[in-house]
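Below are the chains, spelled out letter by letter.
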Amino acid sequence: MFPDPQTLARALLAGERRALARAITLIESTRPDHRLAAEALLHEVLPHAGRSIRVGITGVPGAGKSTFIEAFGLNVVERGHRLAVLAVDPSSPRSGGSILGDKTRMEELSRDSRAFIRPSPSGCTLGGVARRTREAMLVCEAAGFDVILVETVGVGQSETAVADMVDLFLLLLVPGGGDELQGIKKGIVELADAIIVNKADGDLEAAAGRAARDYRNALHLLTPASAAWMVPVLTCSALARSGIDQVWETVEKFRQTMSAAGRFEERRAAQAHAWMWSEIAETLLQTLKDDPAVASQLPELEAGVTRGFLAPGAAARQLVEAFRNRAPSSE
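So, here is what we can say about the structure in this document. Being a predicted model, the structure only gives us computed values, none of them experimental. Numbering of residues starts from 1 in every chain and runs along the sequence as written. Note on the predicted model: pLDDT of at least 70 is required for a residue's local features to be given, and 80 or more for side-chain atom pairs to be given and counted; whole-chain, interface and lining totals, by contrast, use all residues. Neither water nor hydrogens contribute to the side-chain values; these are computed over all heavy atoms in the structure.

**Notes on the overall build of the protein**
And step 1. Each helix is a run of H or I in the DSSP string that is no shorter than four residues. Each strand is a run of E no shorter than two, and both are numbered from the N terminus. Tallying secondary structure elements over the protein gives 13 helices and seven strands in all.
And step 2. Exposed residues in this analysis have more than 50% of their type's maximum accessible area, buried residues have under 20%, and partly exposed residues fall in between, with area computed by a 1.4 Å probe over protein chains only. Relative to its 331 residues, the protein shows a buried fraction of 46%.
And step 3. Look at the contacts in the protein between residues 6 or more apart in sequence, and 75% of them connect residues 24 or more apart. By the convention used here, residues are in contact when the closest approach between their heavy atoms is within 4.5 Å.

Written out as structure tokens, the structure reads:
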């Protein structure tokens with residue numbers, strides 16, 4: 001049982017960690033009454049949000065995202081910041097379950113009182129993030145966390161939505177990845193605000209340097225996302241905790257540069273606009289699915305599509321027409 005939104009908001013603004021955890025749980029709930037309560041909560045805390053730097057982190061498999069986030073996070077809190085990590089774990093397409101093991105992979109950071117780690121299942125949401133990640137960022141900011149890290153489930157063709165909800169998008173790579181990864185990385189590289197080659201230690205240190213040079217050369221062939229910012233390519237070793245200072249300095253330089261050019265707030269405004277339309281699309285789809293007129297025709301149309309008797313486009317059109325022509329509500 002959740003407290004009323006105003007009570008929860010007061011506890012959240014007072015910095016109570018339990019209140020923050022409960023707020024995110026409320027936000028992630030799909031129950032209609034919980035959604036209304038979550039909207040009321042966000043209305044209360046929204047004036048106190050927006051003061052953080054939001055950093056998205058993605059990477060190829062084996063790039064060491066959790067190790068990097070722990071090293072980077074410890075560096076951030078040691079500088080006097082409060083850090084929230086929103087780590088998105090992939091959900092099973094069969095059971096819908098998720099391991100949510102990020103806190104076990106960031107053991108040292110999870111014990112630090114200046115950090116808050118919240119793993120969430122991705123559910124059915126594409127883009128490498130959970131549907132409510134944006135709202136979770138807002139309540140973390142309202143609770144006083146001034147650096148927000150969003151870790152995606154990984155790199156894939158559809159897993160780029162995090163770039164549309166953060167201020168700075170970091171792409172984590174490893175040396176010696178080979179040409180077989182280029183098809184995965186190209187679209188992500190075009191969205192990245194900074195590229196970090198991790199595992200630059202031991203036998204891989206020289207390879208990391210070569211990989212960084214190759215990416216710097218490749219970036220000259222791409223159109224930068226902003227004329228105000230040239231995408232840097234850095235090397236680091238999260239395991240050895242080397243090169244992490246330069247990553248944070250890059251984050252600070254990015255914020256200063258983009259703010260001076262007027263692009264920082266402009267980017268956030270565009271993201272808020274896109275977020276609204278994303279919510280409209282999700283809400284309309286759920287409303288259509290829940291409509292009795294649609295539900296009555298859905299089994300027959302689905303059977304026709306799966307048996308090959310009906311084109312999916314025709315079935316979709318019939319369902320939309322049934323929704324549009326349904327009997328008006330008696331309310």
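**Some details on a nonpolar patch on the surface**
And step 1. Residues M276, W277, I280 and L284 make up a contiguous nonpolar surface patch of roughly 400 Å² in combined accessible area.
And step 2. Looking at the element boundaries, I280 is found in helix α11 (residues 263-290).
And step 3. Taking the relative accessible area as the measure of exposure, I280 reaches 30% and is therefore partly exposed. Here a patch means residues that are over 30% exposed by relative accessible area and free of salt bridges, tied together within 9 Å if like-charged and within 5 Å if nonpolar (Val, Leu, Ile, Met, Phe, Trp, Tyr). Note on areas: Shrake-Rupley with a 1.4 Å probe; residue coverage comes only from the protein chains shown. Every case where a carboxyl oxygen of Asp or Glu lies within 4 Å of a side-chain nitrogen of Lys or Arg is listed as a salt bridge.

**Looking at the packing of helix α10 (residues 244-260) against α11**
And step 1. With their axes 5 Å apart at the nearest point, α10 and α11 run at an angle of 90 degrees to one another. Judged by the angle between their axes, α10 and α11 are roughly perpendicular. Between α10 and α11, the contacting residues are F254, R255, M258 and S259 on the first element and R263, F264 and R267 on the second.
And step 2. In this classification, the charged set is Asp, Glu, Lys and Arg, the nonpolar set is Ala, Val, Leu, Ile, Met, Phe, Trp, Tyr, Cys and Pro, and all remaining amino acids, among them Gly, are polar. Of the residues that constitute the contact of α10 with α11, the class distribution is three nonpolar, one polar and three charged. The axes are straight lines fitted to the C-alpha atoms, using for helices just the contacting stretch, and the angles between their N-to-C directions are given from 0 to 180°. In these notes the angle categories are as follows: under 35 degrees is roughly parallel, over 145 is roughly antiparallel, 65 to 115 is roughly perpendicular, and the rest is oblique.

**Re the packing of helix α2 (residues 17-28) against helix α3 (residues 32-45)**
And step 1. Their axes nearest at 8 Å, the elements α2 and α3 cross at an angle of 130 degrees. One element, α2, and the other, α3, form an angle in the oblique class. Handedness of the α2/α3 crossing: left-handed. Across from A23, L26 and I27 in α2, the residues of α3 making contact are H34, R35, A37, A38, L41 and L42. Less than a right angle of anticlockwise turn of the near helix away from the far helix marks a crossing as left-handed, whereas a clockwise turn marks it as right-handed.

**A word on the packing of aromatic side chains**
To describe a pair of aromatic rings, one takes the distance between the centres and the angle between the planes.
And step 1. Here is the rule: rings of Phe, Tyr and Trp (six-membered ring for Trp) pair when centre to centre is within 6.5 Å. Planes less than 30 degrees apart are stacked, more than 60 are edge-to-face, and the remainder are tilted. This model, assessed by the stated rule, comprises four aromatic pairs.
And step 2. On the numbers, 5.7 Å between centres and 10 degrees between planes, the contact of F68 with F72 is stacked. Placement of the pair is F68 and F72 together in helix α4 (residues 65-78), with a separation of four residues, close to one helical turn.
And step 3. Through a chain of ring-to-ring contacts, the aromatic side chains of F68, F72 and W248 assemble into a single cluster.
And step 4. Taking the ring centre of F145 as reference, the NZ or CZ of R82 above it sits at 4.1 Å. Criterion for a charge above a ring: Lys NZ or Arg CZ within 6 Å of the ring centre, and within 35 degrees of the ring normal.

**Considerations on the pattern of salt bridges**
And step 1. Inspection of the entire model under this criterion finds 14 salt bridges.
And step 2. Across the pair R241 and E108 runs a salt bridge whose closest N-O atoms are separated by 3.3 Å. Highlighted residues: R241 in the loop between β7 (233-235) and α10 and E108 in helix α6 (residues 107-110), separated in sequence by 133 residues.

**A few points about α10**
And step 1. Take the residue count of a helix, subtract one, and multiply by 1.5 Å to get its expected span. Its 17 residues give α10 an end-to-end C-alpha distance of 25 Å, which sits within 8% of 24 Å, the value for a rise of 1.5 Å per residue.
And step 2. Taken together, the buried positions of α10 are occupied by I244, V247, W248, T250, V251, F254 and M258. One side of α10 carries all its buried residues, which in axial view fall inside an arc of 150 degrees. Every exposed residue of α10 that faces more than 90 degrees away from the buried side is listed here: K253, Q256 and A260. For this quantity, the arc is that covered by the directions from the helix axis to the C-beta atoms.

All quantities given are derived from atomic positions and should not be read as evidence of function.
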